[in-house]
Amino acid sequence: MITKCLFPVAGYGTRFLPATKSMPKEMLPVVNKPLVQYGVEEAIAAGMTTCAMVTGRGKRAIADHFDISYELEHQISGSGKEAYLKSIRNVLDKGVFTMVRQREMKGLGHAILTGEPLIGNEPFGVLLSDDLCLNTGPGVLAQMAELYNQFRCSIVAIQEVPKDQTHKYGVIAGESLKEGIYRVDEMVEKPDPKDAPSNLAIIGRYILTPDIFDIIRETAPGANGEIQLTDALQTQARRGCVMAYKFEGRRFDCGSVPGFVEATNFVYENYYTED
Ligand code: UTP
């Protein structure tokens, strides 16, 4: 069983400046809950109760969010407002939170390698909280954890995107084993539409086997000096096996302003209830 999930939350969130100048992007609220809490709830629901956060400078609000606020507890305990703390108390009761700081933002691959001491030698989930995934049935990580029990190799979550959008994603090509499940042959980071091997784009959910750490160590930095997880996964696919899984549910790109606004409207209309 996979019990740990890594949350790379060190990025600058430049697309949300000036909001993210002194506030972590992951703390932006979709309605009344920070993005990262949606992610943590998804991981815990998948049995990944150890949430390992790769943070950076200016991200202390995330550590504080997953801790008790004594003043707040004291202030509203026994009052009618206590119900507002229910969802975060629930998360704190079930989860364990570990943190490490990424000192230089050298890309997603580097962030994952920075998290190695929190994970150790076991398979683990990775959740990018700026991809908000919602499903009426099991969450995306829970779907992927189940698939891991069958294939025992790294798995990336994929989604079909319009062909003119491939330059925003890692894109896979592979052999379809059954509906929605592919064995990956090729993976390209942010290809031009004319070079993209398909329109199957990787989104921010992964199950990784721990050999990925050594592979990342061997991976040369790519564009902007960043170590790309996609390059490491391409090596892993070549040496062994990586699967791609077309998940069930809706995904919102909350790393971009239009995606964030769309998610906010969707959550408000479908999930929010006023007490
Ligand atoms: P993004 O590139 O989407 O996030 O990285 P960003 O850099 O914060 O956003 P922009 O482009 O500047 O607006 C995907 C995920 O990887 C994390 C980010 O926090 C985000 O969750 N990340 C990225 C790290 O933790 N460390 C890095 O060095 C790079």
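Described below are features of the structure shown in this document. Computed from a prediction, not measured in an experiment: that's the story for all the values here.

## Comments concerning the packing of aromatic side chains
- Per the stated rule, a full pass over the model turns up six aromatic pairs.
- Ring centres of Phe252 and Phe266 lie 5.2 Å apart, and the angle between their planes is 45°; this geometry places the pair in the tilted category. Of this pair, Phe252 sits in strand β13 (residues 250–253) while Phe266 sits in helix α10 (residues 257–270); the two residues are 14 residues apart in sequence, bridging distant segments of the chain. Just as Phe252 is buried, Phe266 falls in that class too.

## Brief notes about the pattern of salt bridges
- This model, assessed by the stated rule, comprises 17 salt bridges.
- With its nearest N and O atoms 2.7 Å apart, the salt bridge here joins Glu41 to Lys33.
- Asp214 is paired through a salt bridge with Arg217; the nearest N and O atoms lie 3.0 Å apart. Here Asp214 pairs with Arg217, and both are found in helix α8 (residues 211–218), just three residues apart, close to one helical turn.

## Notes on the nonpolar core
- Judged by nonpolar contacts, the single largest core of 38 residues is most densely connected at Phe7, Val40, Met48, Met53, Phe66 and Leu141.
- Of all the secondary structure elements, the ones that give two or more residues to this core are β1 (4–8), α1 (35–45), β4 (50–55), α4 (86–94), α7 (140–151), β8 (154–160), β11 (200–208) and β12 (242–246).
- Here this core takes six residues from α7, the largest share from any one element.
- Once residues lying within four places of it in the same chain are set aside, the contact partners of Val40 are Phe7, Cys51, Met53, Phe66, Val91 and Phe97.
- One finds Val54, Ile119, Ile158 and Ala237 within the second-largest nonpolar core, a separate group that totals 32 residues.

## Looking at the site of the ligand
- In the vicinity of the ligand there are 17 residues, among which Gly11, Gly13, Thr14, Arg15 and Gln102 approach most closely.
- Interatomic distance of 2.5 Å between a side-chain N/O atom of Thr14 and an oxygen atom of the ligand.
- Measuring from a nitrogen atom of the ligand, one finds a side-chain N or O atom of Gln102 at 2.7 Å.
- For the ligand, whose accessible area on its own is 570 Å², the fraction buried by protein is 81%.

## A word on the environment of Gly180
- Secondary-structure assignment places Gly180 in the loop between β9 (170–178) and β10 (181–189).
- Beyond its immediate sequence surroundings of up to four residues, Gly180 is in contact with Ala244, Tyr245 and Lys246.

## Remarks on the environment of Arg251
- Residue placement: Arg251 occurs in strand β13.
- Contact partners of Arg251, with chain neighbours within four places excluded, come to Asp131, Leu132, Cys133, Gln159, Tyr169 and Ile203.
- Polar contacts involving the side chain of Arg251 include one to the side chain of Asp131, which spans 2.9 Å.
- Separated by 3.0 Å, the side chains of Arg251 and Tyr169 make a polar contact.

## Things to note about α1
- Burial of α1 is extensive: nine of the eleven residues sit out of reach of the surface.
- With its phi angle positive at about 90°, Gly47 sits one or two positions after the end of α1.

## Thoughts on the pairing of β10
- Relative to β10, β9 runs antiparallel, the two being bridged by eight bridges. By the bridge assignment, Ala173 is partnered in β10 with Glu186.
- Counting the residues that bridge the hairpin from β9 to β10 gives two residues, and of these Gly180 lies at a positive phi of roughly 85°.
- Taken together, the three bridges between β10 and β12 define a ladder with antiparallel strand orientation. Counterpart to Tyr182 in the pairing with β12 is Ala244.

## Notes on the side chain of Gln234
- Looking at the element boundaries, Gln234 is found in helix α9 (residues 229–239).
- According to the relative accessible area criterion, Gln234 is buried, its value standing at 13%.
- Within the local environment of Gln234, its side chain forms a polar contact with the backbone nitrogen of Met187, the two atoms lying 2.6 Å apart.
- For Gln234, the residues in contact, after removing those within four places along its chain, are Asp185, Glu186 and Met187.

Conventions used here
For every chain, the first residue of its written sequence is number 1, and the numbers climb from 1 along that sequence. A pLDDT threshold of at least 70 governs which residues receive local features in this predicted model, and a stricter bar of 80 or more applies before side-chain atom pairs are shown or counted, although totals over entire chains, interfaces and linings include all residues. Only hydrogens and water are removed before side-chain values are computed, so all heavy atoms of the structure are retained for them. Geometry of aromatic contacts follows a simple scheme: Phe, Tyr and Trp rings, the Trp one being its six-membered ring, pair when their centres are within 6.5 Å, and the pair is stacked under 30 degrees between planes, edge-to-face over 60, tilted otherwise. The numbering of helices and of strands both runs from the N terminus, where a helix is a DSSP run of H or I of at least 4 residues and a strand a run of E of at least 2. Any residue under 20% of the maximum accessible area for its type is buried, any over 50% is exposed, and the rest in between are partly exposed; the area is computed with a 1.4 Å probe on protein chains only. In the sections that follow, a salt bridge refers to a side-chain nitrogen of Lys or Arg positioned within 4 Å of a carboxyl oxygen of Asp or Glu. Side-chain atoms within 4.5 Å link the members of a nonpolar core, which is a set of buried Ala, Val, Leu, Ile, Met, Phe, Trp, Tyr and Cys residues. We call two residues in contact when some of their heavy atoms are within 4.5 Å. In this text, near means that some heavy atom of the residue lies within 4 Å of the molecule or strand in question. Pairing of N or O atoms within 3.5 Å defines a polar contact, subject to two protein rules: one partner must be a possible hydrogen donor and the other a possible acceptor, and residues neighboring in sequence count only if both atoms are side-chain atoms. Method for areas: the Shrake-Rupley scheme with a 1.4 Å probe, in which residue coverage is limited to the protein chains shown. The pairing criterion is simple: DSSP has to find at least two bridges between the two strands.

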